[in-house]
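# Structural description and commentary
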Amino acid sequence: MNAFSFWKADGARTTDAGGDPLLEPLRALLPSEVRRGSVVITDAARAERAEHWRVHLDADRGGARVIEVDADTTPVSLNEELVAHGSCDVLAMVLTPASVVQVFGSHRQLVRQTFAHVRPNGTFLLDVADDRAGHGREARLERMLRSVQESMDDTSPADEETTGVLTVARAAKELRDLGDVIAIAKRGKHAYAVGEGVPHSLLTAREPETSVTVLATRPGGVLDVRMHETSYGPSLADPWPDALPYPPLELRRYEGPLLSLGGMRLVSGTTVLPESFRWPHHRPLSHPHLRAVAPGFLRVPRRAHATTLEGEHYFLDCVFDGHFGHLTTEVVCRFWGWDDAKRQHPDLKALVHVRPGHGRGKLERMLLTAYGVAPEDIVVVDHPVRLRSVVGASPMWHNQDPHHAHPDIVETWHRLTAGLLGDSSPATHERIFVSRGPGLASRRPCRNQAEVERFFADRGFHVFYPEDLPMDEQVALFAGARVVAGFGGSAMFNLMHCQHLEATIVISHHGYVARNEHLFTSLLDADIHYFWQASEVAPPEQGRTRASDRSGFSFDFAGQGADLERVLAGY
């Protein structure tokens, strides 16, 4: 067995006769205290048996909550009903085999899809009693037990890679077979992921100790894309739309027991808050530091060593701290609410996490102070912290389906440009080529980079490596540029500082599917010419892999050189 102990009672059977016989063998497994209450899931055929569980579970609170499934119940509908209740102390499944098959397909899938709703140190119960005693009963019970064990033992790498579902075993500490009842004691923590657009009532229902107050809003709308797009080569991307709907924005203040784990992870109880997601409108929600365990649920590490951070804080964490590309697209887009929040809460501090041993957030501090945040109002921590209040802002930038960008983000860019330039002026180079130095050769290396650089230099482009320049010089080059060309990726994200952009020219390969340059150029009303090359590692038919994303490539001068020449001549 994996990550739990297994114990089988010698011929033990529970009955309904007298006292509280169902619960006696389970005393050691049941939670020592009631926090949120228990839930019993049953069907019409087993309603009488379920009633016994309802009465005896949470007896001091009037009994457990009962959910009865029927022919219309699906795993999705059942999940939605359980989510609103919040993580429960005990989840008891009292279903006929027919209902299990109808709703879940098997007992194995039943456990995998519902176990996440049990709180840490809670208990999952599977009542497998069958009044139809006789031939085959023991074999059927044994099959049920085996299916539960399989749901806990299944560590298939293929399953984990293709579905993103981890095993129950990682969160279980003990399994007991009591004959008519199979019980799993839980140790791990599964948290429900809440994205943007979800009613606040769901969070407050799940986490009664946490409140949500909206401090400010900005309306949604539709961005009229006047950018002209031209693609060359083996593109796998859909054509860029003529209009990009963008959702409304909220500036929210949470108050209650909150935990900030670092790496853009903000949790209230067993709920992951929207501020944790760089793509909070994408479904399903995903997080590179939180693994999926069931539909809508992520496995959250339990950090007993978190310290308490007093005061009011504005959440500006990054998935990968210190990473220029992630900071400028996934965190800068949340700066917009700082002024409103600071006016309403004058003691507010900007909260930033860094990994232990990775400095004190130099790049984060630079961007925040350039925006206008006072240095003394920036708090940088390198460990999990417990908070009593947090202010979070909806992102203005969403570089994943559904792609969108709020036009007000341009105001943020203007403030950053002015702050980063300081007393400097925009550079005089109207045509620049953004290349990459040897230190970035591990990601999408262009095998004939030197030839590409010479091609652009011979046509009047200033070729440079942004990573070799101080920030004010990088900003000055982009601020003065009329035409920006370069290799696709975060080196191009300083497009935000362009003041009179006419055209963006991107060279990349078809395994790199990010559309940041499209979003920047859409907001700046310029043209974009995207030159797609064949990647050395072929991308999958859908999505991306790490290998295909970072694959090397060569610019196809024979096939696309004439097109590139014509494009450059037009600006």
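Residues numbered from 1 in each chain as written. Predicted model: local features only at pLDDT ≥ 70, side-chain atom pairs only at ≥ 80, totals over all residues. Heavy atoms only, no water.

## Concerning the sheet that holds strand β27 (residues 483-487)
Heads up, the condition is: Two strands pair if DSSP finds at least two bridges between them. We count a stretch as a helix when DSSP gives it H or I for four or more residues in a row; a strand needs E for two or more, and each element gets its number in order from the N terminus. All axes here are fitted lines through C-alpha atoms, helices being fitted over the stretch that makes contact, and every angle between N-to-C directions spans 0 to 180 degrees.
Reading across from one edge, β11-β29-β28-β27-β25-β26 is the order of the six strands in this open sheet, with parallel pairing throughout. Either end of the sheet is taken by a strand with one partner, and the two such strands are β11 (229-232) and β26 (462-464). Strand after strand, the sheet turns through a mean of 15° between neighbouring axes, direction not considered. Relative to β27, strand β25 (residues 431-434) runs parallel, the two sharing four bridges. By the bridge assignment, I432 is partnered in β27 with V484.

## A short note on the packing of aromatic side chains
In plain terms, the rule: Centres within 6.5 Å make a pair out of two Phe, Tyr or Trp rings, where for Trp the six-membered ring is used; the pair is then stacked when the planes are under 30 degrees apart, edge-to-face when over 60, and tilted otherwise. Only protein chains enter the area calculation, which uses a 1.4 Å probe; residues under 20% of their type maximum are buried, those over 50% are exposed, and those in between are partly exposed. Whether a charge sits over a ring depends on NZ of Lys or CZ of Arg being within 6 Å of the ring centre and within 35 degrees of the ring normal.
Per the stated rule, a full pass over the model turns up 19 aromatic pairs. Where F115 meets F124, the ring centres are 5.9 Å apart and the plane angle is 70°; that geometry is what we call edge-to-face. Residue class for F115 comes out buried when judged on its relative accessible area of 1%. Residue class for F124 comes out buried when judged on its relative accessible area of 1%. Ring-pair connections join several aromatic residues into one group, and the members of that group are Y232, F433, F455, F456, F461, F487, F531, F553, F555 and F557. When the ring centre of F115 is taken as origin, the NZ or CZ atom of K186, which lies over that ring, is 5.0 Å away.

## Here's the deal with the side chain of D377
Rule in force here: Nitrogen and oxygen atoms within 3.5 Å of one another constitute a polar contact, given that in protein one can donate a hydrogen and the other can accept it, and given that sequence-neighbouring residues count only through two side-chain atoms. In what follows, a contact means two residues having at least one pair of non-hydrogen atoms within 4.5 Å.
Mapped onto the elements, D377 comes out in the loop between α10 (362-371) and β21 (378-381). On the basis of relative accessible area, D377 is assigned to the buried category, the value being 10%. One polar contact links D377 to K349, side chain to side chain, over a distance of 3.1 Å. Aside from chain neighbours lying at most four places away, what touches D377 is W338, K342, L348, K349 and A350.

## Comments concerning unusual backbone geometry
Omega for the peptide link from R283 to P284 comes to 0°, which places this bond in the cis form. Residue position: P284 is located in the loop between β15 (271-272) and β16 (291-294). In this chain, D401 is followed by P402 through a cis amide linkage whose omega measures -5°. Its location among the elements puts P402 in the loop between β23 (397-398) and β24 (404-405). Even without being glycine, N121 reaches a positive phi, approximately 70°. Note on placement: N121 falls in strand β5 (residues 118-127). Even without being a glycine, M264 presents a positive backbone phi close to 65°.

## Examining the packing of α10 against helix α11 (residues 409-421)
The line we're drawing: Roughly parallel means an angle under 35 degrees; roughly antiparallel, over 145; roughly perpendicular, 65 to 115; everything else is oblique. Polarity classes work like this: nonpolar for Ala, Val, Leu, Ile, Met, Phe, Trp, Tyr, Cys and Pro, charged for Asp, Glu, Lys and Arg, and polar for all others, with Gly in that last group.
Orientation of α10 relative to α11, taken along the N-to-C sense of each, is 105°, at an axis distance of 7 Å. Of the possible angle classes, the one that applies to α10 and α11 is roughly perpendicular. Residues M366, L367, A370 and Y371 of α10 form the contact with α11, whose participating residues are T412, R415, L416, G419 and L420. Of the residues contributing to the contact of α10 with α11, the split by class is six nonpolar, two polar and one charged.

## A few points about the pairing of strand β13 (residues 249-260)
Taken across its twelve residues, β13 has nine buried, putting it largely inside the fold. In terms of strand pairing, strand β9 (residues 211-218) meets β13 through seven bridges, oriented antiparallel. Each bridged residue has a counterpart across the sheet, and for S211 the counterpart in β13 is E255. Here β13 runs beside strand β14 (residues 266-268); their pairing, made up of two bridges, is antiparallel. Across the sheet, residue L259 finds its bridge partner in β14, namely V267. The turn joining β13 and β14, which pair antiparallel and follow one another in sequence, is formed by five residues; a positive phi near 90° is taken by G262.

## Considering the pattern of salt bridges
Counted only if it meets this: The rule for a salt bridge is simple: a side-chain nitrogen of Lys or Arg has to be within 4 Å of a carboxyl oxygen of Asp or Glu.
With the rule as written, the count across this model stands at 26 salt bridges. Among the salt bridges present, the one from R252 reaches E196, with a minimum N-O distance of 2.7 Å. Pair noted here: R252 is in strand β13 and E196 is in the loop between β8 (190-193) and α7 (200-206), with a separation of 56 residues, a long-range link. Exposure class is identical for R252 and E196. Each is buried.

## Regarding the environment of I528
Among the structural elements, I528 can be located in strand β29 (residues 527-533). In sequence terms I528 and T230 are 298 residues apart; their C-alpha atoms lie 6.4 Å from each other. Those residues in contact with I528, other than ones at most four positions away along the chain, are M227, H228, E229, T230, T504, V506, E517, H518 and T521.

## Examining the environment of F557
Relative to the assigned elements, F557 resides in helix α16 (residues 557-569). Measuring from C-alpha to C-alpha, the distance between F557 and F455 comes to 10.0 Å, with 102 residues separating the pair along the chain. Sequence-distant contacts of F557, defined by excluding residues within four places in its chain, comprise N448, E451, V452, F455 and A562.

## Digging into the side chain of H510
You can see H510 is positioned in the loop between β28 (503-509) and α14 (516-523). By relative accessible area, H510 is classed as buried at 13%. In this structure the side chain of H510 is engaged in a polar contact, spanning 3.3 Å, whose partner is the backbone nitrogen of S535. Other than its neighbours up to four places away in sequence, H510 contacts P234, L236, W532, Q533, A534, S535 and P539.

## Quick word on the nonpolar core
Keep this limit in mind: The set of buried Ala, Val, Leu, Ile, Met, Phe, Trp, Tyr and Cys residues whose side-chain atoms join them within 4.5 Å is what this entry labels a nonpolar core.
Ranked by internal contacts, the top residues of the largest apolar core, which has 74 residues, are L251, Y314, F335, W397, W413 and V484. The contacts of V484, once residues within four sequence positions are left out, are I432, V434, F478, M492, L495, C498, L501, A503, T504 and I505. Within the second largest apolar cluster, 26 residues are counted, among which are I41, I67, F104 and A172.

## Regarding the packing of α11 against helix α13 (residues 471-479)
The line we're drawing: Helix crossings fall into two classes, left-handed where the near helix is turned counterclockwise from the far one by less than a right angle and right-handed where it is turned clockwise.
One can describe the packing of α11 onto α13 by two numbers: an axis separation of 9 Å at closest approach and a directional angle of 125°. On the basis of the axis angle, α11 is oblique to α13. In the crossing of α11 with α13, the sense of the turn from one axis to the other is left-handed. Here α11 contributes T417, L420 and L421 to the contact with α13, which in turn contributes M471, D472, V475, A476 and A479. Here the contact of α11 with α13 is built from residues that sort into six nonpolar, one polar and one charged.

Purely geometric stuff here, so don't read any function into it on its own.
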